[in-house]
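Chain by chain, the residues run as shown.
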Amino acid sequence: MGILDLIRTKSITWTYVEFPPDRTPTGLMRDPILPNQYYMTATMRSCRIDDVRILFTKFFGTVHSYSELQSGMGDIAQLQSVTTPSKFQDADPDNLDRSLQMDIPLLGPVPFVGGNFMIQVGLFAMKENELSGPYLDLLQTVAGKAGISFLSQAVPLAQTILGGMDKIVSTSAGGLQIGLYRGWVMPETPVQGYYGIIAAPTDTVDTSKIGIDNAERIVDWQSRQEIDKPYIVFTLERFTGRSDWKQIPDVKTAYAKLVDAERTSDKAKISDAFTSFKVMVATCQDLLPNDRTTIITATKAEVDSFLNQLPSSTARILDLHSFDPF
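Residues numbered from 1 in each chain as written. Predicted model: local features only at pLDDT ≥ 70, side-chain atom pairs only at ≥ 80, totals over all residues. Heavy atoms only, no water.

### Some words on the overall build of the protein chain
Counting secondary structure elements, the protein chain contains 6 helices and 11 strands. The proportion of buried residues among the 326 residues of the protein chain is 50%. Contacts in the protein chain between residues far apart in sequence, at least 24 positions, make up 79% of those at least 6 positions apart. Looking at the protein chain as shown, the accessible area adds up to about 15,300 Å², and 51% of this sits on carbon and sulfur atoms. (Helix = DSSP H or I, 4+ residues; strand = E, 2+ residues; numbered from the N terminus. Buried < 20%, exposed > 50% of the residue type's maximum accessible area, 1.4 Å probe, protein only. Contact = heavy atoms within 4.5 Å. Areas by Shrake-Rupley, 256 points an atom, 1.4 Å probe, with all protein chains shown as cover.)

Here's what the structure looks like:
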């Protein structure tokens, strides 16, 4: 359950847009994110907010995201983030109608292994006298620990984050400015591209005439005039490799133990540590199968190179096939 499930708003159908590549700044192609072939990321690119509900001279803005997707073990992972950008915290209430470009990571990279995928994104506004900055910072820290990139850390702190956000929404501090709840249900798969939600009824916006300019704003595509409504722009993207694999908690620990073993120059300890590392990588649900093989092979080459530099009485090349998890 995400924060948008906990709130009630007036019955208005906001305008939802999936932008074609030729009306985006990067030409991001709308390609399917196929199971077990791609990692997936979601990034909030920009937003625009109104000042009609802000009465005091200090303004706090909070972006909350919540995603559900299936892990390689078949569990439903829940990943959340709570972000208080510095651009929001001290914004001038007289100028809150300005668009802000943020590039806030909302999800990933996470492996998409199939099943249903759902994402919620909400932008909330709070008055300083009803919500302190340190409380938002604490909530953001908790969300950071829960993670948006590691399925292994997805669940334990989810309820803590939801409870904190529920307190924010229950105040009269401005509340939800705009939000999106989007799901892809099997056999439909998520699609890479630019997405937008505009705080305007669907019959008031001609979506065929708007696009995303180089500043990531939603504009009239001919005049390049920014639309005069609150909105959120985010992207879904796909990648075949994961360069941050050393940050995956379990893999990071196993790799650190391997480095510690190398520092002893003890070939038995190095061999045991490398075997443990291979097991951890081969069973890691935060990695796609092809990446597991690539990481193990690259790390073996590093270890072999290290052993080759040791005295011949100590060095022994590791045999990758002595433990083949594939």
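### What to know about the packing of helix α5 (residues 267-282) against helix α6 (residues 289-308)
Put simply, α5 and α6 touch, their axes get as near as 10 Å, and they point 170° apart. Here α6 runs roughly antiparallel to α5, going by the angle between their axes. Relative to α6, the crossing made by α5 is right-handed. Only Arg-292, Ile-295, Ile-296, Thr-299, Lys-300, Val-303, Phe-306 and Leu-307 of α6 make contact with α5, whose side of the interface consists of Ile-270, Phe-274, Phe-277, Lys-278, Val-281 and Ala-282. When grouped by side-chain class, the residues that make up the contact of α5 with α6 number 10 nonpolar, 1 polar and 3 charged. (Axes fitted to C-alpha atoms, helices over the stretch in contact; angles between N-to-C directions. Parallel < 35°, antiparallel > 145°, perpendicular 65-115°, else oblique. Left-handed = near helix turned anticlockwise from the far one by under 90°. Nonpolar A, V, L, I, M, F, W, Y, C, P; charged D, E, K, R; others polar.)

### Brief notes about the pattern of salt bridges
In total, this model carries 14 salt bridges according to the counting rule given. The salt bridge partner of Arg-30 is Glu-18, with a shortest N-O separation of 3.2 Å. Of this pair, Arg-30 sits in the loop between β1 (14-19) and β2 (39-48) while Glu-18 is found in strand β1, placing the two residues 12 residues apart along the sequence. Overall, the relative accessible area of 23% leaves Arg-30 in the partly exposed class. Given the relative accessible area of 34%, Glu-18 is considered partly exposed. Where Arg-48 meets Asp-228, a salt bridge forms, and the shortest distance between an N and an O atom there is 2.9 Å. On the criterion of sequence distance, the pair formed by Arg-48 in strand β2 and Asp-228 in the loop between β10 (218-220) and β11 (231-239) is long-range, its members being 180 residues apart. Overall, the relative accessible area of 8% leaves Arg-48 in the buried class. Here the salt bridges do not stand alone but share partners, grouping Arg-48, Asp-213, Arg-217, Glu-226 and Asp-228 into one network. (Salt bridge = Lys/Arg side-chain N within 4 Å of Asp/Glu carboxyl O.)

### With respect to α5
End to end, α5 covers 22 Å across 16 residues, agreeing with the expected 22 Å (1.5 Å per residue, within 8%). Looking at the buried residues of α5, the elements they touch are α4 (249-264) and α6. Measuring from the side-chain oxygen of the N-cap residue of α5 to the backbone nitrogen of Ala-268 gives 3.0 Å; that N-cap residue is Asp-266. (Expected span 1.5 Å × (residues − 1). Polar contact = N/O pair within 3.5 Å; in protein donor to acceptor, adjacent residues only side chain to side chain.)

### Brief notes about the confidence of the model for the protein chain
Counting all residues, the mean pLDDT for the protein chain is 79, and 67% of those residues have values of 70 or more. The low-confidence segment residues 6-11, where pLDDT is below 50, has 7 contacts with residues more than four positions distant or belonging to other chains. Low pLDDT (under 50) marks residues 52-57, which in the prediction has 15 contacts with non-local residues, meaning those over four places away or in another chain. (pLDDT = per-residue confidence, 0-100.)

### Regarding the pairing of β2
Both faces of the sheet carry side chains from a regular strand, because those side chains alternate between them. Extensive coverage of β2 is indicated by the burial of 10 of its 10 residues. Looking at chain direction, β2 and β11 are connected through 9 bridges and run antiparallel. Bridge pairing in β11 places Tyr-39 opposite Phe-239. (Pairing = 2+ DSSP bridges.)

### Here we look at the nonpolar core
Soluble globular proteins tend to bury their nonpolar side chains together. With 30 residues, the main nonpolar core has Met-44, Leu-106, Phe-117 and Ile-232 as its most contacted residues. When contributions to this core are tallied by element, the ones reaching two or more residues are β2, β3 (59-70), β4 (76-83), β5 (99-111), β6 (117-127), β7 (175-184), β8 (193-201) and β11. A per-element tally of this core places β5 first, with 5 residues. Core analysis: the next-biggest nonpolar cluster, separate from the first, contains 22 residues, Tyr-255, Ile-270, Val-281 and Leu-307 among them. (Core = buried A, V, L, I, M, F, W, Y, C linked by side-chain atoms within 4.5 Å.)

### Remarks on the environment of Ile-212
By secondary structure assignment, the location of Ile-212 is in strand β9 (residues 210-212). Sequence-wise, Ile-212 and Pro-21 are 191 residues apart; in three dimensions their C-alpha atoms are separated by 9.6 Å. If sequence neighbours within four positions are ignored, Ile-212 has contacts with Phe-19, Arg-23, Thr-24, Pro-25, Tyr-194, Arg-217, Ile-218, Trp-221 and Val-233.

### Considering the packing of α4 against α6
Contact geometry of α4 with α6 gives a least axis separation of 11 Å together with a crossing angle of 10°. When the interaxial angle is binned, α4 and α6 end up roughly parallel. Along the contact surface, α4 presents Tyr-255, Leu-258 and Glu-262, while α6 presents Thr-299, Glu-302, Val-303 and Phe-306. Looking at the contact of α4 with α6 residue by residue, the classes come out as 4 nonpolar, 1 polar and 2 charged.

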